[in-house]
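Here is what each chain is made of, one letter per residue.
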Amino acid sequence: MSLSLKSSNPNLVETRADIPRHVAIVMDGNGRWAKKRFMPRFFGHKAGVDSLVKTVLACADRGIDYLTVYAFSSENWKRPTEEVTGLMGLVLVAVAKYLTKLADKGVRIVIVGDRNQVSDKLRQAWEQAESLTKDNTRITLSVCFNYGGRWDIVQAARAAMQAGVKPEELDETKLASFMSLAHAPDPDLFIRTGGELRVSNFLLWQAAYSEFVFTDCLWPDFGEAELDAALASFARRDRRFGGVKDAPAASLQSA
Ligand code: FPP
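Residues numbered from 1 in each chain as written. Predicted model: local features only at pLDDT ≥ 70, side-chain atom pairs only at ≥ 80, totals over all residues. Heavy atoms only, no water.

**Student:** Hey, could you run me through the overall build of the protein chain in this one?
**Tutor:** Secondary structure assignment for the protein chain yields 7 helices and 8 strands. Here the protein chain has a C-alpha radius of gyration of 19 Å; the compact-globule value for 255 residues is 18 Å, and the two agree. Here the C-alpha coordinates of the protein chain stretch approximately 65 × 45 × 40 Å along the principal axes. In the protein chain, which comprises 255 residues, the proportion classed as buried is 47%. (Helix = DSSP H or I, 4+ residues; strand = E, 2+ residues; numbered from the N terminus. Rg over C-alpha atoms; globule rule 2.2 N^0.38 Å. Buried < 20%, exposed > 50% of the residue type's maximum accessible area, 1.4 Å probe, protein only.)

**Student:** Would you mind going over the sheet that holds strand β5 (residues 107–112) with me for this structure?
**Tutor:** The pairing of strands in a sheet comes from backbone hydrogen bonds and takes either a parallel or an antiparallel form. With parallel pairing, 6 strands are arranged side by side in an open sheet as β5-β6-β4-β3-β7-β8. Here the strands that pair on one side only, and so sit at the sheet edges, are β5 and β8 (211–214). Adjacent strand axes in the sheet meet at a mean angle of 20°, parallel and antiparallel pairs treated alike. Direction of pairing for strand β3 (residues 22–26) relative to strand β7 (residues 189–192): parallel, over a ladder of 4 bridges. (Pairing = 2+ DSSP bridges. Axes fitted to C-alpha atoms, helices over the stretch in contact; angles between N-to-C directions.)

**Student:** How should the site of the ligand be read in this particular structure?
**Tutor:** Taken together, 18 residues are adjacent to the ligand, and D28, G31, R32, R41 and R79 come closest. In this structure, an oxygen atom belonging to the ligand sits 3.0 Å away from a main-chain N or O atom of G31. Taken by itself the ligand offers 620 Å² of open surface, and the protein chains cover 90% of this. Looking at which element gives the most residues to the shell around the ligand, the answer is helix α2 (residues 41–61), with 5 residues. Its residues placed into classes, the shell around the ligand shows 8 nonpolar, 6 polar and 4 charged. (Near = heavy atom within 4 Å. Polar contact = N/O pair within 3.5 Å; in protein donor to acceptor, adjacent residues only side chain to side chain. Areas by Shrake-Rupley, 256 points an atom, 1.4 Å probe, with all protein chains shown as cover. Nonpolar A, V, L, I, M, F, W, Y, C, P; charged D, E, K, R; others polar.)

**Student:** In this structure, what is going on with the pairing of strand β4 (residues 66–73)? I would like to understand it.
**Tutor:** Two faces, one strand: in a regular strand the side chains alternate between the faces of the sheet. Where burial is concerned, most of β4 is hidden: 7 out of the 8 residues are buried. Of the pairings in the sheet, the one linking β3 to β4 comprises 5 bridges and is parallel in character. The partner of V23 across the bridge, within β4, is L67. In this structure, β4 lies alongside strand β6 (residues 139–147), joined through 7 bridges in parallel fashion. Pairing of Y70 across the sheet is with C144, part of β6.

**Student:** Would you mind going over the packing of aromatic side chains with me for this structure?
**Tutor:** Aromatic rings considered in pairs are described by the distance between their centres and by the relative angle of their planes. For the structure on display, the rule yields 13 aromatic pairs. Pairwise contacts between aromatic rings join Y70, Y147, W151, F190, F202, F212 and F214 into one cluster. In this structure, R37 packs its charged tip against the face of W33, placed 3.9 Å from the ring centre. (Phe/Tyr/Trp six-rings, centres within 6.5 Å; stacked < 30°, edge-to-face > 60°. Lys NZ or Arg CZ within 6 Å of the ring centre and 35° of its normal.)

**Student:** What exactly am I supposed to notice about the UniProt feature "binding site: Mg(2+)" (unreviewed entry) in the protein chain here?
**Tutor:** Under the UniProt annotation, the feature "binding site: Mg(2+)" (unreviewed entry) is placed at D28 and E211. Along the polypeptide, D28 turns up in the loop between β3 and α1 (30–36). Those residues within four positions of D28 in sequence are excluded, and the remaining contacts are R192, T193, G194, E196, C217, L218 and W219. Mapping E211 onto the fold places it in strand β8. What makes E211 buried here is its relative accessible area of 16%. (UniProt positions renumbered as here; feature names shortened; annotations may be inferred. Contact = heavy atoms within 4.5 Å.)

**Student:** Got a minute to help me understand unusual backbone geometry in this structure?
**Tutor:** Excluding glycine, most residues fall at negative phi; most peptide bonds, likewise, are trans. With phi around 55°, N146 is a residue other than glycine that occupies positive phi space. For N146, the location among the structural elements is in strand β6. Not every positive phi belongs to a glycine, and N201 is a case in point at roughly 65°. Tracing the backbone through its elements, the reader meets N201 in the loop between β7 and β8. On the accessibility criterion, N201 (15% relative accessible area) is buried.

Below, the structure is given as structure tokens:
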């Protein structure tokens, strides 16, 4: 694995094997963070947006090329109407407050998820965020909204069928080309804040060989120190992708 570490001097490209190219985050714990402060859950989500903006810039500074975050899952519709409406409204507030800053800092924003169920206003805000930042190259922030890993696999299978892909032509590479994160390599590092030890239907296909870091830190408290701790843990991992280190791969015929 050889990865490039960006520098303020564009001509200087160092090679670093220990920095993940793609980090994915389940930003959990906003509700508990607010509760600890005797505030409504929405207050936690609002603080979560600030944490997200800080994190994407910190990732860019560390040479990470892709950050993918779980902002609203296909299952989050089960939450109280007030909270769902609040999260939808928060997207509009976040775009108004931070879009120019992120665009100026070289962040490309991509929204991933089922856009059919959301309001026209929200769709327009996403389109604005995507079109304003489409030529940026410093880091790609994929915001998964109304997203689920199972939804993604199903929509990819449907899209492949609609494109006329024949069953015998379908393999992992072909199906991956129809997945909603086809613009990014698979995540190297998968972080979940908030203390829960589960994947919650996030990146089921793409996280097949991700390294996992679970932290008790609640998302609004996540900052550079927690990011660096996760990166340090990642740097210590021995990634084998199902193989054996320093041993030649067997061929199918030798089985
Ligand atoms: C999980 O915490 C968090 C969410 C369901 C929402 C995450 C959203 C943000 C951080 C805001 C990002 C928004 C935009 C506009 C990109 P939880 O509510 O499940 O917390 P809990 O486990 O403590 O109850």
